[in-house]
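Observations on the three-dimensional arrangement
Listed here are the chains, written in short residue letters.
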Amino acid sequence: MLQRHMFISLITLALILGVGGASARAVEIGPGFVLAVENEYLGLYIHRDTTEIAVHVKFGNTVWYSNPNGRETLEKIGSATIKQELNAQFAFTYSDGRYTLNNYADSVLHQQYEIIQIPNGVRIEYTVGKRYNSEHMVPPMVRQDRFERIILDSIADPKDRQRVEDAYILVSLERMDGTERIPLAGLDMDRLFGDYRLVFHDPAFQSLEAELADLNARIADLQEANGEDQAELAGLIRQRDNIYNRLARDTQTTANHMLELIRDRRADVEKVSDLTFADLSQLVETPTYVLRRIAGFLQRELQRIIEASDYTFEDVRDDCWANNLDRPAYNTHVFFVPLEYLLDGANLIARVPVSEIIYPQPLSAQERQQLIEEKTKLVDQLLELNNQLNRHIRDNKDGLVLLVDRRYQALTAQIEELTREIAEFEDAYQQARPNLPLLTFTLLPYFGAAYLDQEGYIFVPDGSGALIHLNNGKTTASIYSQPVYGDDLSLGPREMPIARTQNHLPVFGLKQGSQAFLAVIEEGEALARIQADIAGKLHSYNVVYPQFTLRPSVMSIVRRYQSRMYQGDIRVRYVFLEGEDADYVGMAHAYQDYLRREFGLQPLPKHEHIPFFLDMIGAINVNRPILGIAWEVTEPLTTYQQAGQILTALEASGIKTVSLRYLGCLEDGIKHVYPAEARLEKVLGKLSELESLAERLNASNGRLYLGVNFINVYPRTFYRGFRPTKDGARFLDGLLAKNYSYDAATGRYRPDDYRFILSPKVLEPLVDSFFASLKVDKISGVAPLEMGLQVNSDFRSAADQTVDRQQAVGIVGDVLRKMKETYEANLIVEGANAYALPYADAVVQMPMDSTNYNIVDETVPFYQIVLHGFVDYTGRPINLAGDDPVYKLKLVETGALPYYQWSFADSTAVKGTEYEHLYSLHYGDWLADAGSFYAAADAVLGPVRAERIVDHRQVAENVYMTVYENGAAILVNYNRAPVEIDGVRVEALGFRLVWGSGE
Amino acid sequence: MRTINKAAKAVVILLGLLMVTGGAAAVPYQGYIYNSRNEAIHAPQAYLPAAAIDGEALGVGPFKEPRDLAVGAGMVYLADTGNNRVVGFDLDGGTVKIIDQFQANGRDDRLSTPTGVFVTSAGELYVADRDNGRIVHFDAEGHYVREIGAPSLTTETADAGFRYKPTRVAVDPLGRIYVIADGVYDGIMEFDKDGVFRGYVGAPRVKPTLSEIFWRRFATEEQRQAMALFLPVEYVNIDADPDGFVFAVEAGDAHETSIKKLVPGGRDVLVRNGYAPPVGDVVGEPSRFVDVKARENGIYSVLDRTRGRVFTYDSNGYLLYVFGALGEAFGAFKLPAALEVVGDEILVLDLGTNSITRFEPTPYTRLIHAAIDHYEHGDMEASVQIWEQILRLNINMDFAYLSVGRSYLTEAKYAEAMAYFKLGNSRDLYSKAFAYYRKEVVEQNFGVFALAVVLIVLAVNRITARMAKTAGKRERVKSALALRLERITGPLKYAFHVVFHPFDGFWDLKHEQRGTASAATIILTLVVAAYIFMRQYTGYLFNARDPAKMNVYMDISSVVVPFLLWCLVNWALTTLMDGKGTLKEIYIASAYALTPIVLINVPMTIVSNYLTLNEDSFYYLILAASVIWSAFLLFSGTMVLHEYDVAKTLLTSILIVVGIGSILFLGLIFLDVINLLLGFVTTIYAELVFRT
């Protein structure tokens, strides 16, 4: 059915598109592809037999394939399975991850798909997982007419046809008409066959029977002749007995096999002797093909032939029903997955509406109820029909009329139909259905895959960004696989042997030759991992693709899963880059354009000077013994007045514009109370002092940002408004989710040092109440701590209470927007994950490097290129980087601004406290350094603060050049000796601004 | 030997290509250091990876299972074990040498599984040619010089089937050759400069335990012979430093003496005065050292395989810095195998990735080395300045406080020295500084002190005289309040009588009702208060605990629980043993018996703030006196109360102590069972709830 349907739709598609497909095709696209949709930039082609796509990029006259073109011949190292996987557009795991299906092996090969034209694109609906078991495709019994019409006639190869025919024997039950029945051992012939005898319409049987009849006739003749030829008679009788025995033996064997076949196909029959005439009545005067006993290899051969014919699994079920056999069940591991490709201007969008995915699921109570109701209705109808039939029979006593009576026939047919429907309902109701939601989903794993001979690189957003050169030969290095937005802390703590830099951006890309693409995961990104691998491991292709965890799980005693599957969309946008743009700078600009277009990222206003980023540590929590009890008390490291003094000192050293993050100035210092109310810590000074500090900063184009952590809550005896059991997020095991700290040496989490993870559900009310109670009018800045770093789910066990990670991203994004728009707060975020970018004044603690995984070849400032000119950013505080000149050079190279984290108190004030990791805080130790670095950085970065980075490249060994849109170029020399680049001298470990020809 | 002489430029470009970013890359782990309390605290990075070097970059084909590195005379040599060759190269680019086949005494010879290499300062190369069972000596040009075969004395230790397989080699400046070999547990083999086997060094002699001495008495002569005179020890790596010391690391989990610094006689002279012994990671799973490298000024670095770390210690055993990690990223290792130092750079060989990572020191690390260097060369002033600079960069480099403190000490700035020694958490040095400080203060204020003493003596005299005078008068003018007060103070004052006259005192306590339960409770409360007071206010030198981490509930229960247990068990036992005392009487008597603790501990706590460690015996003696006194009082109290003789009291006392022990033991077991039960219930609950 489906197959026919698909065929028709394909023809329609071909007809609709036929004209388009024939239009001028300047570039060679593999055979079998037809144009599905096109616009002025792109043409989308689809292969009707494999559902793979090709995108013709008109502005570069290049083609991208969803699966590598020519892989049949090019792929040499992959196993058979891998070669098959190379044909897939998606793959997913389900159940407990034991099973992986892909849309090629488990759908396209079974032709279980349908291509549908939609506006601007195509939609392919896959039924993944064979709907039925091929073993069931060899029907045990088929009525003669159906067998010949549907099966035999649709088999093209006469040899195959013969093979199928030979595997069956035509059987019917005929009236005895006085003939003798060959008895079957141990069976009650009357009970089994009633007044009928079993007839095999088979040449072998027929010739035997004919011979027998002939002999019988001759014997009768002889006997009538009253026997002189006693010897001849005896001979004939012996001959007849022989034939009879042969016939009897063959009949018994064949009949027994047939009865066993019936017994085996019926769950309710245990022994052959339990069968009755009712079970065979459909054979009465109806010749039916019955499967002979056949060898296993022949069985498989038949499966193949019949599957290729027009005979469908539905037909098998029909025939079984008609022959009173149990109908073979549909497979349970069957999934319906739609995949859409859309053209959006110059971009291709691949979309999987996850909510439309249908996966095996037990019937809900409601569905069961509904089934029962519908069945009851049908049963009522059936009773009614039976009554009608009975009345009809009663009214027409004349049996002869009845047989040809149309009404009678119509009624019986209806009854038949209804009974069957009821049986279907029964099946549906009875069938044990597993619950098999999808766990992970891999989308377009081979899109743009680059072959062994290609040059270029894969771009992954690890930290600032990293490149994996195509075919770099690092076949022993592990695959790159990192989650977007870092780990979900609600999945529990884990060992941290190495500190990774986070993937803050949901993007990835690939460049081969002079073409490149950048993919932006627009929806479902919080569930995604970006995976990249080089050729030479499993197959000959370099690949990069996203994998989505639709249902997170974790092992703790037993494996525990999120209560439900993700219900949003998966949506990946592919942006195509050609020629000059086809590099990581082009990719960064593509993403920048995307952010501007979709999220309204605004360019920074022009300023002559760069701001100086400063974190001030207000109050900390320390244990002090009082009367023998170690009390936690709040002690100031920097009071408001002292902060003012630091500002004065900064001014004196030439730093006028300061963006100040004041940390630890809410009640109880760094480990501040639950911020349902914005209460300030009293040990730091008076409110008016803080206000005047803010005013002072505003007056010099700077700003005060109040550090507040909304998403992690410090444990304490009494909470102001935080109810851990209600407002805290949950781990998958139902316990309260905690963000643990980790031991610096072992990387193990410390069970007694944690913060609660706030459930995203209560984030918005919390932020609302914080701003409602914020009495400081002069402060216009807020630094929502860690909001740009963490996205955590709430795995509450009730499905409607669960907040999955994508929902959490939505909530955090909305809250940030609300802060910015409704509460008109200026924001500094940390990290920062992409969702925070549209609302941030500045990003601090941005990764300046990548993790440098072994598979990675190069680190690039992708993130910095995306943001420069739109949002100010900087990395880690300079004073905690060990006075490393290389780090400062890195800041200048990437256009990042000076940033320190200070206290007024001496550095040793934190000794013996929990803040020992802030190992160099005293401002006095760094003031001179800050002054000189700011002056030097301001001189080169000031003129380009509002400019886009248009190029970044290595110009000599350890010398990098960053070029800005206004023609300024900054040269950074990491060598320990001066270098001269095109006549420009750059000092050892120095940097220099040069003006280009004014591009 | 083959030498590949490439254009220097080509190799430079190759090495340049290996750089991941400009200069040194960031590392995929956070730096840390153990502070004086042995907690791991984040610290500035010590070394940053600058380049990865593998066989292909050198143009010699991929390395295969490389095991060892050696540096000398400007060349790096690598034992490319799996390829049966030694690869030598110059870090500045230029020459690459391969030694696999060579001419030895006129015939062709080749290396087979070379696992160890060593280069002398003159550039001579020694290779532990494992599967050929020999050490091969090449000159600086790579020409064969000689081979040193199996030691001739192997019969002494080895079985018939023993095959000599040298794995590592080191040569000291005098030409002595040290070798470690597979399956040899007697120590390091020492050959003289002519290649003659001299014996084993570095196997620690057995220090018999008491039980061993005991068994030895009963052992037969043969058994005695069979008892090992040394402890079997397996070394994984050795290094010879320029001063003639041999550094060696033992295989297996690191323990206090895993790293040894052996003098030619074989004695271990490594100084282990750091905050923790040189065991690598102090917390978590123990480190497993695989290589050691002697560096300048007695500094040494060790490579750990458990977490892929390089630990560096100074000559006194203080940890200077840590870097490295296990992981699949630049700057981390999969299976670190060997460590080498080139100037101030460090090379780490990774067996997992068949490559060498070249690390450059950060400015922070350069400072540490400079400070130590200045110190070793006697330039204290420069050294201290740098240490101060280091402390500005990292307050957790506690060792630096000691260096700075010492310099203050020599400058006679005792108060500053004390502050630094306290930050550096060294009680010894603090005590030293404090002694000077105390002397200084007393000398400066001698007049004041003398006057104060005179005044106090006078005042005490006056008061006692007046009290004696008014003693009679007071009887007459007692108000009702005073009477009520006396009902409490009377029994309390009686405590003084009891402590000095125990036998009379306890007798009267019981028979004359001179003690009350409320007074006893007050005394007990005072004992608790005194204990807490002592915990919190004992001087830094005598207070091992961090007052900031006090838990007053624990302190209270650690006094009250044993006390109550004593009373209960005492009562329970003595009722069985014809004791005459009631529970109340036991309670009162026991509490009174603790009075000396209050009387002595409180003043001693105050005094402790003015004592140095030199006077610690005085301090501890008096504290011990208070305990003995109290114990004696408890004893005599029990005796008098129950009307026992000495022997019976002694027996009872022992039984009481045993009883208390049993109760505590049972209590612990009970708690443990409860704990297990809770765990069981939660697991069952989890299974029930989630296994659906």
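Analysis parameters
- Residues numbered from 1 in each chain as written.
- Chains lettered and ligands numbered in written order.
- Predicted model: local features only at pLDDT ≥ 70, side-chain atom pairs only at ≥ 80, totals over all residues.
- Heavy atoms only, no water.
- Helix = DSSP H or I, 4+ residues; strand = E, 2+ residues; numbered from the N terminus.
- Rg over C-alpha atoms; globule rule 2.2 N^0.38 Å.
- Contact = heavy atoms within 4.5 Å.
- Areas by Shrake-Rupley, 256 points an atom, 1.4 Å probe, with all protein chains shown as cover.
- Lys, Arg positive; Asp, Glu negative; His and termini not counted.
- Charge placed at Lys NZ, Arg CZ, Asp CG, Glu CD.
- Buried < 20%, exposed > 50% of the residue type's maximum accessible area, 1.4 Å probe, protein only.
- Polar contact = N/O pair within 3.5 Å; in protein donor to acceptor, adjacent residues only side chain to side chain.
- Pairing = 2+ DSSP bridges.
- Axes fitted to C-alpha atoms, helices over the stretch in contact; angles between N-to-C directions.
- 1 Å grid on protein atoms, 1.4 Å probe; cavity = no way out; pocket = protein on both sides within 12 Å on 5 of 7 lines; lining within 4 Å.
- Points joined across faces, edges and corners; volume = space filled by probe spheres on them.
- Expected span 1.5 Å × (residues − 1).
- Buried area = accessible area lost by both parts, 1.4 Å probe.
- Salt bridge = Lys/Arg side-chain N within 4 Å of Asp/Glu carboxyl O.
- Core = buried A, V, L, I, M, F, W, Y, C linked by side-chain atoms within 4.5 Å.
- Phe/Tyr/Trp six-rings, centres within 6.5 Å; stacked < 30°, edge-to-face > 60°.
- Lys NZ or Arg CZ within 6 Å of the ring centre and 35° of its normal.
- Parallel < 35°, antiparallel > 145°, perpendicular 65-115°, else oblique.
- Left-handed = near helix turned anticlockwise from the far one by under 90°.
- Nonpolar A, V, L, I, M, F, W, Y, C, P; charged D, E, K, R; others polar.
- pLDDT = per-residue confidence, 0-100.

**Quick notes on the overall build of chain A**
Tallying secondary structure elements over chain A gives 24 helices and 46 strands in all. For 999 residues, the compact-globule formula gives about 30 Å, and the C-alpha radius of gyration of chain A, at 39 Å, lies well above that figure. With the C-alpha coordinates aligned to their principal axes, the bounding extent of chain A is approximately 145 × 70 × 50 Å. Taking as baseline every contact in chain A between residues at least 6 positions apart, the subset at least 24 positions apart corresponds to 70%. Accessible surface computed for chain A: about 41200 Å², of which carbon and sulfur atoms make up 50%. Distance between charge centres in chain A, computed from 98 positive and 136 negative side chains, equals 4 Å.

**Remarks on the environment of arginine 295 of chain B**
All names here are of chain B. With respect to the helices, strands and loops of the structure, arginine 295 is situated in the loop between strand 22 (289–294) and strand 23 (300–304). Classification of arginine 295 as buried rests on a relative accessible area of 7%. As a C-alpha pair, arginine 295 and aspartate 194 span 101 residues in sequence and 27 Å in three-dimensional space. In this structure arginine 295 touches Tyr47, Tyr300, Ser301, Thr312, Tyr321, Val341, Ile346 and His369, once residues within four positions along its chain are discounted. Within the local environment of arginine 295, its side chain forms a polar contact with the side chain of tyrosine 47, the two groups lying 3.0 Å apart. For arginine 295, the side chain forms a polar contact with the side chain of serine 301, separated by 2.8 Å.

**What to know about the sheet that holds strand 22 of chain B**
Residue and element names in this part refer to chain B. With respect to topology, four strands assemble into an open sheet ordered 22-23-24-25, the strand pairing being antiparallel. What marks the edges here is a single partner per strand, and that holds for strand 22 and strand 25 (319–323). On average, each strand axis in the sheet is tilted by 15° relative to the strand beside it, whichever way the strands run. The pairing of strand 24 (residues 310–313) with strand 25 spans four bridges and is antiparallel. When the sheet's bridge partners are listed, threonine 312 is paired in strand 25 with tyrosine 321.

**What about empty space enclosed by the protein?**
All names here are of chain B. Under the defined criterion, the tally for this structure stands at nine cavities of 30 Å³ or more. Put simply, the largest cavity is a space of about 120 Å³. As for the largest cavity, its lining consists of 16 residues, of which Tyr34, Tyr275, Ala276, Tyr318 and Leu319 are closest to the centre. Secondary-structure elements contributing two or more residues to the lining of the largest cavity are strand 2 (32–34) and helix 7 (398–410).

**Details of helix 11 (residues 296–308) of chain A**
Residues and elements named next belong to chain A. Between its terminal C-alpha atoms helix 11 stretches 19 Å, which fits the 18 Å expected from 13 residues at 1.5 Å a residue. Those residues of helix 11 that sit buried are Leu302, Gln303, Ile305 and Ile306. If you follow the buried residues of helix 11, they end up packed against helix 5 (144–151), helix 6 (158–167), strand 10 (168–175) and strand 12 (288–291).

**Description of the interface of chain B and chain A**
Contact with chain B, which involves 63 residues of that partner, is made by 55 residues of chain A. Buried area between chain B and chain A, both sides added, is near 4600 Å², and the carbon and sulfur share of it is 56%. On inspection of chain B and its partner chain A, the count reaches four salt bridges. The shortest N-O distance in the salt bridge between arginine 748 of chain A and glutamate 285 of chain B comes to 3.9 Å.

**Overview of the pairing of strand 10 of chain A**
Residue and element names in this part refer to chain A. When you tally the buried positions in strand 10, you get six out of eight residues, the bulk of the element. Of the strand pairs in this sheet, strand 10 and strand 12 are connected by four bridges, and their pairing is antiparallel. From the neighbouring strand, tyrosine 168 faces strand 12, where its bridge partner is leucine 291. Judged from the five bridges that link them, strand 10 and strand 11 (residues 196–200) form a sheet pairing that is antiparallel. Note that in strand 11 the partner of glutamate 174 across the bridge is arginine 197.

**Topic: the pattern of salt bridges**
Residues and elements named next belong to chain A. Counted under the stated rule, the structure contains 92 salt bridges over all chains. Among the salt bridges present, the one from arginine 679 reaches glutamate 677, with a minimum N-O distance of 3.7 Å. On the basis of relative accessible area, arginine 679 is assigned to the partly exposed category, the value being 30%. Residue class for glutamate 677 comes out partly exposed when judged on its relative accessible area of 38%. Glutamate 916 is the salt-bridge partner of lysine 911, the closest N and O atoms lying 3.9 Å from each other. Accessibility classification places lysine 911 together with glutamate 916 in one group, the buried group. Three or more residues are tied together by salt bridges with common partners; here these are Arg123, Glu125, Glu340, Arg351, Glu356 and Asp569.

**Some words on the nonpolar core**
Residues and elements named next belong to chain A. Among the nonpolar cores identified, the biggest contains 300 residues, and Phe441, Leu443, Tyr591, Tyr662, Phe862 and Trp902 are the most heavily contacted of them. If you tally residues by element for this core, the top one is helix 16 (residues 584–599), at eight residues. Among all residues touching phenylalanine 862, those that are not within four sequence positions of it are Phe459, Ser464, Gly465, Leu505, Val507, Leu518, Tyr584, Met587, Ala588 and Tyr591.

**Here we look at the packing of aromatic side chains**
Aromatic ring pairs are described here by two measures, namely the spacing of the ring centres and the angle between the planes. Using the criterion set out here, one finds 74 aromatic pairs over all chains in the structure. Relative to tyrosine 823 of chain A, the ring of phenylalanine 771 of chain A has its centre 4.6 Å away and its plane inclined at 5°; by these criteria the two rings are stacked. With phenylalanine 771 of chain A in helix 20 (residues 763–773) and tyrosine 823 of chain A in the loop between helix 21 (805–821) and strand 36 (826–830), this residue pair connects regions lying 52 residues apart in the sequence. Under the relative-accessibility criterion, phenylalanine 771 of chain A is labelled buried at 11%. Overall, tyrosine 823 of chain A belongs to the partly exposed group, its relative accessible area being 26%. Above the plane of the ring of phenylalanine 245 of chain B lies lysine 261 of chain B, whose end atom (NZ or CZ) is 4.6 Å from the centre. It is arginine 427 of chain B that lies over the ring of tyrosine 540 of chain B; its NZ or CZ is 4.6 Å from the centre.

**Comments concerning the packing of helix 8 (residues 203–224) of chain A against helix 9 (residues 230–264) of chain A**
Residues and elements named next belong to chain A. Where helix 8 meets helix 9, the axes come as close as 9 Å, and the angle between the chain directions of the two elements is 150°. On the basis of their axis angle, the class for helix 8 and helix 9 is roughly antiparallel. The crossing of helix 8 and helix 9 is left-handed. Residues of the contact of helix 8 with helix 9, tallied by class, amount to 12 nonpolar, five polar and seven charged.

**Structural notes on the confidence of the model for chain A**
Mean pLDDT over chain A stands at 88; residues scoring 70 or higher make up 96%. Taken as a whole, residues 6–25 of chain A scores under 50 in pLDDT and shows 18 contacts with residues more than four places along the chain or in a different chain.

**As for the pairing of strand 28 (residues 355–361) of chain B**
Residues and elements named next belong to chain B. For strand 28, the buried fraction is high: seven of the seven residues fall into the buried class. The alternating pattern of strand 28 places Ser355, Thr357, Phe359 and Pro361 and Ile356, Arg358 and Glu360 on opposite faces, both of which are buried. Taken together, the seven bridges between strand 4 (residues 47–54) and strand 28 define a ladder with antiparallel strand orientation. Residue isoleucine 53 lies in a different strand from strand 28, and its bridge partner there is isoleucine 356. Bridge analysis of strand 27 (residues 345–350) against strand 28 gives five bridges, and the strand direction is antiparallel. For leucine 347, the partnering residue across the bridge sits in strand 28 and is arginine 358.

**Here's the deal with the sheet that holds strand 13 (residues 335–344) of chain A**
Residue and element names in this part refer to chain A. Spatial strand order, 7-8-13-14-26-21-20-17-18-38: 10 strands in an open sheet with antiparallel pairing. In the strand order of this sheet, the two ends are held by strand 7 (113–118) and strand 38 (858–859), each with one partner. Here strand 14 (residues 347–353) runs beside strand 26 (residues 569–578); their pairing, made up of seven bridges, is antiparallel. Its bridge partner being in strand 26, isoleucine 349 is matched across the sheet by arginine 573. Against the sheet, helix 16 makes contact with strand 14, strand 17 (456–460), strand 18 (466–469), strand 20 (507–512), strand 21 (515–523) and strand 26, and its axis sits at roughly 35° relative to strand 21, the strand it touches most.

**A word on the side chain of serine 626 of chain B**
Residues and elements named next belong to chain B. Topologically, serine 626 is positioned in helix 17 (residues 616–642). Owing to a relative accessible area of 1%, serine 626 belongs among the buried residues under this scheme. The contact partners of serine 626, leaving out residues within four places of it in the chain, are Pro596, Ile597, Ile600 and Asn601.

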